[in-house]
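This is what each chain is made of:
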Amino acid sequence: MTGFTPENQSVPSPAPATKHGDSTKRVPELGPQAKPKRNKYAFACAILASMTSILLGYDIGVMSGAMIYIKRDLKISDLQIGILAGILNIYSLLGSCAAGRTSDWIGRRYTIVLAGAIFFAGALLMGFAPNYAFLMFGRFVAGIGVGYALMIAPVYTAEVSPASSRGFLTSFPEVFINAGIMLGYVSNLAFSKFPLKLGWRFMLGIGAIPSVILAIGVLAMPESPRWLVMQGRLGEAKRVLDKTSDSPAEASLRLEDIKEAAGIPADCHDDVVQVSRRNSHGEGVWKELLLRPTPAVRRVMIAAIGIHFFQQASGIDAVVLFSPRIFKTAGLETDHEQLLATVAVGVVKTSFILVATFLLDRVGRRPLLLTSVGGMVLSLAVLGTSLTVINQSDKKVMWAVVLSIATVMTYVATFSIGAGPITWVYSSEIFPLRLRSQGSSMGVVVNRVTSGVISMTFLPMSKGMTTGGAFYLFGGIATVAWVFFYTFLPETQGRMLEDMDELFSGFRWRDSKNKNSSSNPEVEIGLNKQ
């Protein structure tokens with residue numbers, strides 16, 4: 001089912017056509033010694049594009065500590081704090097919804113610039129906010145920038161990456177989200193000793209700095225080769241593919257597949273060709289996605305929406321955003337102790353996401369995802385139990401305190417090893433070319449709505465059913481997620497982006513139990529792809 005395609009081979013070997021006649025060709029898999037080195041140019045492009053994700057990460061991380069001081073300074077309620085923390089996710093919907101169409105019109109690269117510029121303005125507004133209403137307006141502006149960034153970074157990275165390292169490179173947005181969270185936690189600790197009215201404003205306002213660096217760095221990036229083909233700019237696309245592929249043969253094969261997906265004849269070799277408005281600017285995409293999807297597209301949509309929903313519904317943003325509150329419940333009394341423990345969460349989360357980047361293209365998406373979610377279920381169950389023991393006890397139960405802190409760490413570690421990065425990798429690579437921008441933006445919308453709901457309801461939920469009860473609920477949701485992933489998501493490791501339609505058309509959950517399906521020495525590549 002998931003054998004290697006020519007995109008992850010450095011020197012493809014010709015093979016005769018097989019039983020599928022002219023519609024299929026087979027390419028023998030090369031041995032491990034022929035595995036290509038990482039493409040440094042594609043690596044650099046992925047790093048620059050993924051830096052947009054720092055914007056969201058920093059905001060999540062810094063708000064976890066800043067809300068302690070915002071509440072004291074502005075004298076607002078827990079409900080207002082919950083809304084302030086979670087509303088950015090709802091505001092980001094506007095950016096995510098607009099980003100698909102925007103990136104089809106002006107290109108992936110300039111959409112990244114736009115995301116950075118909007119967030120820059122939002123960070124400054126939050127930093128200079130004199131009151132709660134102005135702060136909410138700053139969150140609105142920053143949220144739009146975050147929405148743009150969340151959608152465009154994984155799409156650009158998937159489109160520029162060779163299949164041999166697509167999992168590794170497409171996990172970079174999640175790496176930078178975690179780096180941003182870590183920076184936010186450190187910022188909280190650094191500015192926590194400042195005067196009350198200055199400290200939280202510095203925490204929020206300094207977030208403008210990454211967006212400036214991003215705007216400068218993007219000048220060194222090429223445009224996405226798939227977007228260039230959609231605009232009929234074949235010559236430019238070929239030059240980008242030559243730089244980002246593992247071999248000239250692979251570059252030619254990728255160009256051939258992208259042309260076919262864009263409806264351009266294979267024998268067309270002009271540098272610039274005319275492409276219909278429907279293809280070049282995404283006309284009719286929403287109808288094709290929502291109203292008249294093919295069975296394969298419908299399955300892709302369910303997979304993308306499902307993986308984004310379950311990533312957030314299992315409570316990760318509640319842990320990351322409210323970790324000081326959780327540690328306070330667990331028995332850490334001072335601000336400094338809570339913020340220090342929160343920094344430890346950031347260190348663990350960032351460390352394990354780095355491990356995950358190296359495993360994605362070796363272990364595969366499915367095994368890593370299922371192992372990750374299984375670990376999350378266990379961690380949430382133990383965390384819920386230990387917090388319940390603390391809540392029920394009249395005196396400090398040291399073993400429960402230690403266990404609570406430890407299981408917060410294991411939860412973020414198991415999340416970061418799979419569910420965190422794979423959500424973005426998987427959803428960015430499964431949509432057909434014409435539907436990729438809008439399809440990915442729909443996944444981001446679901447992700448942000450779910451995150452916003454969890455963030456805004458966590459504090460009331462903790463009061464209504466206790467903090468331990470809230471984590472039991474998250475554990476139940478994570479259990480359902482494991483079943484969904486096991487039965488519904490095929491392995492995509494090593495598959496060409498243009499080959500996903502065939503993969504989703506034919507996948508049955510029982511196929512996942514066939515170990516040979518992902519290691520077949522020969523791979524079929526359909527030539528009549530969507």
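Residues numbered from 1 in each chain as written. Predicted model: local features only at pLDDT ≥ 70, side-chain atom pairs only at ≥ 80, totals over all residues. Heavy atoms only, no water.

You'll find the protein chain entered in an unreviewed UniProt entry as Major facilitator superfamily (MFS) profile domain-containing protein, with Brassica oleracea var. oleracea given as the organism. Under the heading Subcellular location (unreviewed entry), UniProt records this for the protein chain: "Membrane". According to UniProt, the comment filed for the protein chain under the heading Sequence similarities (unreviewed entry) is "Belongs to the major facilitator superfamily. Sugar transporter (TC 2.A.1.1) family." (UniProt positions renumbered as here; feature names shortened; annotations may be inferred.)

A short note on the packing of helix H15 (residues 295-313) against helix H20 (residues 398-429)
For any two helices packed against each other, the geometry comes down to the angle between their axes and how far apart the axes lie. Two elements in contact, H15 and H20, have axes whose closest approach is 9 Å; the angle formed by their N-to-C orientations is 150°. With respect to each other, H15 and H20 are oriented roughly antiparallel. Note on packing geometry: the crossing formed by H15 with H20 is left-handed. Counted together, Ala304, Ile307, His308 and Gln311 of H15 and Phe415, Ala419, Gly420, Ile422, Thr423, Trp424, Tyr426 and Ser427 of H20 form the full contact between these two elements. Its residues placed into classes, the contact of H15 with H20 shows 7 nonpolar, 5 polar and no charged. (Axes fitted to C-alpha atoms, helices over the stretch in contact; angles between N-to-C directions. Helix = DSSP H or I, 4+ residues; strand = E, 2+ residues; numbered from the N terminus. Parallel < 35°, antiparallel > 145°, perpendicular 65-115°, else oblique. Left-handed = near helix turned anticlockwise from the far one by under 90°. Contact = heavy atoms within 4.5 Å. Nonpolar A, V, L, I, M, F, W, Y, C, P; charged D, E, K, R; others polar.)

Examining the environment of Ala313
In this fold, Ala313 is placed in helix H15. Note on Ala313: relative accessible area 3%, which makes it buried. Considered as a pair, Ala313 and Val449 are 136 residues apart in the sequence and their alpha carbons are 10.0 Å apart. In this structure, Ala313 is in contact with Thr450, Ile454, Phe474 and Ile477, ignoring residues within four places of it in sequence. (Buried < 20%, exposed > 50% of the residue type's maximum accessible area, 1.4 Å probe, protein only.)

A look at the nonpolar core
One recurring pattern in soluble globular proteins is that nonpolar side chains are buried together. Core analysis: the largest hydrophobic core is formed by 147 residues, its most contacted members being Ile70 and Phe485. The element contributing the most residues to this core is helix H5 (residues 132-160), with 15 residues. Setting aside chain neighbours within four positions, we find Ile70 in contact with Met63, Lys75, Ile76, Ile81, Leu84, Leu135, Trp200 and Leu204. (Core = buried A, V, L, I, M, F, W, Y, C linked by side-chain atoms within 4.5 Å.)

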